[in-house]
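The lines below spell out each chain.
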Amino acid sequence: MNNGFVEIDSRDALEQFLANAGGAGAILFKHSNMCGISTRAYAEIAKLKQPVGLITVQKARAVSDEIEKRWNIAHETPQVLIIRDGKLIWDASHFRIKAEAVESALGEVSGKQ
């Protein structure tokens, strides 16, 4: 783990990360290593204390495609998703990605039992 990030580079790694979240919300961060906005978003997400599944789209395009297909969400980078019990609960992209917003959304998700 690096700064709370867990590299997800395969569908199996995605499944494992989601399973490890138990019933809590799992945070996924789709990142492009060629985009300045994504670099800023990476710095925001690095502030989180929870584990964050990091999908670098240049290295894990199949995982990015799986996320798009599974949760019927348009591909964007940067993009943050919160998944709980197999469902997409919250997402944000580009300049909407703020550590405080993710923590707030995660708190709301965790409060819904």
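Anything mentioned here points back to the structure above.
So, here is what we can say about the structure in this document. (Residues numbered from 1 in each chain as written. Predicted model: local features only at pLDDT ≥ 70, side-chain atom pairs only at ≥ 80, totals over all residues. Heavy atoms only, no water.)

**Comments concerning the nonpolar core**
Line of reasoning, step 1. Counting residues in each nonpolar core, the largest one holds 16 residues, and the members touching the most others are Ile27, Phe29 and Ile45.
Line of reasoning, step 2. A per-element tally of this core places helix 4 (residues 99-111) first, with four residues.
Line of reasoning, step 3. Of all hydrophobic cores here, the second largest spans 15 residues; its members include Ile8, Leu14, Ala21 and Val63. (Core = buried A, V, L, I, M, F, W, Y, C linked by side-chain atoms within 4.5 Å. Buried < 20%, exposed > 50% of the residue type's maximum accessible area, 1.4 Å probe, protein only. Helix = DSSP H or I, 4+ residues; strand = E, 2+ residues; numbered from the N terminus.)

**What about the pairing of strand 2 (residues 26-31)?**
Line of reasoning, step 1. Across the six residues that make up strand 2, a large majority, six, are buried.
Line of reasoning, step 2. The alternating pattern of strand 2 places Ala26, Leu28 and Lys30 and Ile27, Phe29 and His31 on opposite faces, both of which are buried.
Line of reasoning, step 3. The pairing of strand 2 with strand 4 (residues 79-84) spans five bridges and is antiparallel. Paired with Leu28 across the bridge in strand 4 is Leu81.
Line of reasoning, step 4. With helix 2 (residues 36-45) bridging strand 2 and its parallel neighbour strand 3 (residues 52-56), the resulting β-α-β unit is right-handed. (Pairing = 2+ DSSP bridges. Right-handed = clockwise from strand over helix to strand, strands pointing away.)

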